[in-house]
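# Notes for the structure review
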Amino acid sequence: MNYAYERLPDAGTALRLHLNENTAGCSPRVLEAMRALTRTDAAFYPEYGEAVDACARNLGVAPDQVLLLNGLDEGIHCVSFACLQRAEDGTRREAIVVLPAFDMYAACAEIASARIAEVRPGPDLSFPIGALLSAITPATRVVFLASPNNPSGLTIPRADVARVARALPEGAVALLDEAYVDFARESCLDLTAAHPNLVIGRTFAKAHGLAAVRAGCLAGHPDTIARLRHFLPPYGVNVFARTAIVAALADTDYLNWYRAQVSESRRRLYAMCDRLGLRFWPSEANFVLVRVGDGAAALAREMTARGVAIRDRSTQPGCEGCVRITTGVVEHTERAIALMEELLCDGR
Ligand SMILES: *Cc1c(COP(=O)(O)O)cnc(C)c1O
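Figured I'd write up the structure that's included with this text. (Residues numbered from 1 in each chain as written. Predicted model: local features only at pLDDT ≥ 70, side-chain atom pairs only at ≥ 80, totals over all residues. Heavy atoms only, no water.)

The next subject is the overall build of the protein chain. Within the protein chain one finds 12 helices and 13 strands. Whereas a compact globule of 348 residues would reach a radius of gyration of roughly 20 Å, the protein chain reaches 20 Å, a difference of no more than 12%. If you line up the protein chain on its principal axes, its C-alpha atoms span 60 × 55 × 35 Å. Within the span of the protein chain, comprising 348 residues, buried residues form 57% of the whole. In the protein chain, 74% of the contacts between residues at least 6 apart in sequence involve partners at least 24 apart. About 15400 Å² of surface is accessible on the protein chain, with carbon and sulfur atoms providing 51% of the total. (Helix = DSSP H or I, 4+ residues; strand = E, 2+ residues; numbered from the N terminus. Rg over C-alpha atoms; globule rule 2.2 N^0.38 Å. Buried < 20%, exposed > 50% of the residue type's maximum accessible area, 1.4 Å probe, protein only. Contact = heavy atoms within 4.5 Å. Areas by Shrake-Rupley, 256 points an atom, 1.4 Å probe, with all protein chains shown as cover.)

Structure, rendered in structure tokens:
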């Protein structure tokens, strides 16, 4: 296993700014809805009609274009096993991962037995469309894309998403991970109408604050969704997640409040970077990648020890010297800023 997912040590009581979670928690309405579940709700296999309809309405697609997931991780797993297992004659399929990338893409492709082709980022973490198109071969079955990207926070130009979809061989799928789209200017979901081989991944873990509940979905062309459905268990989404999805989508005020917190937090973190002369990437997600230099790993360790957990990303291609900081509730971001300024100014 070269690509196993790296589980992080317990952050203890530190403020969690290392996993891009919602630092305020979920909407209070979600908790009320989960509390209102009954003994028989727990006892009976869950029905999904209402949750699927709520997702479909929210995405502006038909219910047969949506697959509910036990977290988007399950969608990455599903696409990998649907598309990347060996051919009948034993030949291996290929998966393309555009770096820097969320660890689960290569981890799932590997356990599905695929060969993995990694495409390195362009200058300044720009989307390497040319290199990506050249990496596509007749054996390519999945291209993993993320927009906004984790860890850079950068988006992929829409035209490039469409070009990738057009360039793929028969039977291949482009999985566009939109885990952070709630913080971004736009989605590429509408491109799935013209490109049936494009599948969009969404999660309730980030903007909706349901990481522990485990809830996400895939969306795309009905035929593609039907093909993927076979690779998911029939009751993989539990009754808490199903209930939480409906309540979370209904509470748009809460989502909008959180989005505003995130954009103010990003603005303040950028201002800190300007004061300290640090390079950062303008982000369309709920985190910011900051280049702090050689001491990135030490800074992440020291901040975690001092009660604010952030993520060292310095070993990721193109992210040399970088840490990633979740920008959630403004007050939390202010704690990170104060500690970072103290530690970085001390060291100069
Ligand atoms: C957090 C994250 C996910 C995983 O979402 P879950 O719903 O918690 O499984 C998927 N993709 C990216 C890019 C993420 O950052």
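Taking 1.5 Å per residue, 12 residues should reach 16 Å; helix α9 (residues 239-250) reaches 17 Å between its end C-alpha atoms and fits that length. For α9, the buried fraction is high: 9 of the 12 residues fall into the buried class. What α9 keeps buried is the set Val-239, Ala-241, Arg-242, Thr-243, Ala-244, Ile-245, Ala-247, Ala-248 and Leu-249. Next to the buried residues of α9 lie α1 (28-35), α2 (39-43), α3 (49-59), β2 (66-69) and α10 (252-276). By the N-cap criterion, in which a side-chain oxygen at the helix start approaches the backbone nitrogen of a residue two or three places on, α9 is capped by Asn-238, the distance to Phe-240 being 2.8 Å. (Expected span 1.5 Å × (residues − 1). Polar contact = N/O pair within 3.5 Å; in protein donor to acceptor, adjacent residues only side chain to side chain.)

So, about the site of the ligand. In the region of the ligand, 13 residues are neighbours, and Leu-72, Asp-177, Tyr-180, Thr-203 and Lys-206 sit closest. Asp-73 places a polar main-chain atom, nitrogen or oxygen, 2.9 Å from an oxygen atom of the ligand. A distance of 2.8 Å separates an oxygen atom of the ligand from a polar side-chain atom of Arg-214. In isolation the ligand has 390 Å² of accessible area, and contact with the protein removes 94% of it. (Near = heavy atom within 4 Å.)

Helix length check: α10 (25 residues) gives 36 Å between terminal C-alpha atoms against 36 Å at 1.5 Å per residue, within 8%. For α10, every residue scored as buried is listed here: Tyr-254, Leu-255, Tyr-258, Gln-261, Val-262, Ser-265, Arg-266, Leu-269, Tyr-270, Met-272, Cys-273 and Leu-276. Directly after α10, the chain includes Gly-277, whose backbone phi takes a positive value near 70 degrees.

On to the side chain of Ser-314. Position of Ser-314 relative to the elements: it lies in the loop between β12 (311-312) and β13 (322-326). One polar contact links Ser-314 to Asp-312, side chain to side chain, over a distance of 2.6 Å. Leaving out residues up to four positions away in the same chain, Ser-314 has contacts with Ala-296, Cys-319, Glu-320, Gly-321 and Cys-322.

This part takes up empty space enclosed by the protein. For the structure shown, the criterion picks out 1 cavity of 30 Å³ or more. By volume, the largest cavity is sized at about 50 Å³. As for the largest cavity, its lining consists of Ser-27, Ala-207, His-208, Ala-248, Asp-251, Tyr-254 and Leu-255. (1 Å grid on protein atoms, 1.4 Å probe; cavity = no way out; pocket = protein on both sides within 12 Å on 5 of 7 lines; lining within 4 Å. Points joined across faces, edges and corners; volume = space filled by probe spheres on them.)

Here we take up the pairing of strand β5 (residues 140-146). Of all 7 residues in β5, 7 are buried; the element is thus mostly enclosed. In the sheet, strand β3 (residues 94-98) pairs with β5 via 4 bridges, with the strands oriented parallel. Bridge assignment links Ala-95 to a residue of β5, and that residue is Val-142. Considered for its hand, the β-α-β crossover made up of β5, helix α7 (residues 158-167) and strand β6 (residues 173-177) is right-handed. (Pairing = 2+ DSSP bridges. Right-handed = clockwise from strand over helix to strand, strands pointing away.)

Before going further, it helps to spend a moment on the pairing of β2. Alternating positions in β2 separate into two faces, Val-66 and Leu-68 on one and Leu-67 and Leu-69 on the other, with burial throughout. Across 4 bridges, β2 lies against strand β8 (residues 216-219) in antiparallel orientation. Directly across from Val-66, in β8, lies its bridge partner Ala-219.

Turning next to the layout of surface pockets. A volume near 790 Å³ is recorded for the largest pocket. What lines the largest pocket is a set of 35 residues, and nearest its centre among them are Tyr-5, Leu-19, Asp-73, Phe-102 and Lys-206. The set of elements that each furnish at least two residues to the lining of the largest pocket consists of α4 (72-83) and α5 (104-111). The residue inventory of the lining of the largest pocket, partitioned by class, reads 17 nonpolar, 5 polar and 13 charged. The computed volume of the second largest pocket comes to approximately 370 Å³. (Nonpolar A, V, L, I, M, F, W, Y, C, P; charged D, E, K, R; others polar.)

Ordered in space as β2-β8-β7-β6-β5-β3-β4, the 7 strands form an open sheet in which the pairing is mixed. Strands with a single pairing partner mark the edges of an open sheet, and in this sheet they are β2 and β4 (115-119). Taking each pair of neighbouring strands and ignoring which way they run, the sheet shows an average axis angle of 20 degrees. When β6 meets strand β7 (residues 198-203), the two strands line up parallel, connected through 4 bridges. Of the residues in β7, the one forming a bridge with Asp-177 is Gly-201. (Axes fitted to C-alpha atoms, helices over the stretch in contact; angles between N-to-C directions.)

It is worth stressing that arrangement in space is one thing and function is another; only the former is reported here.
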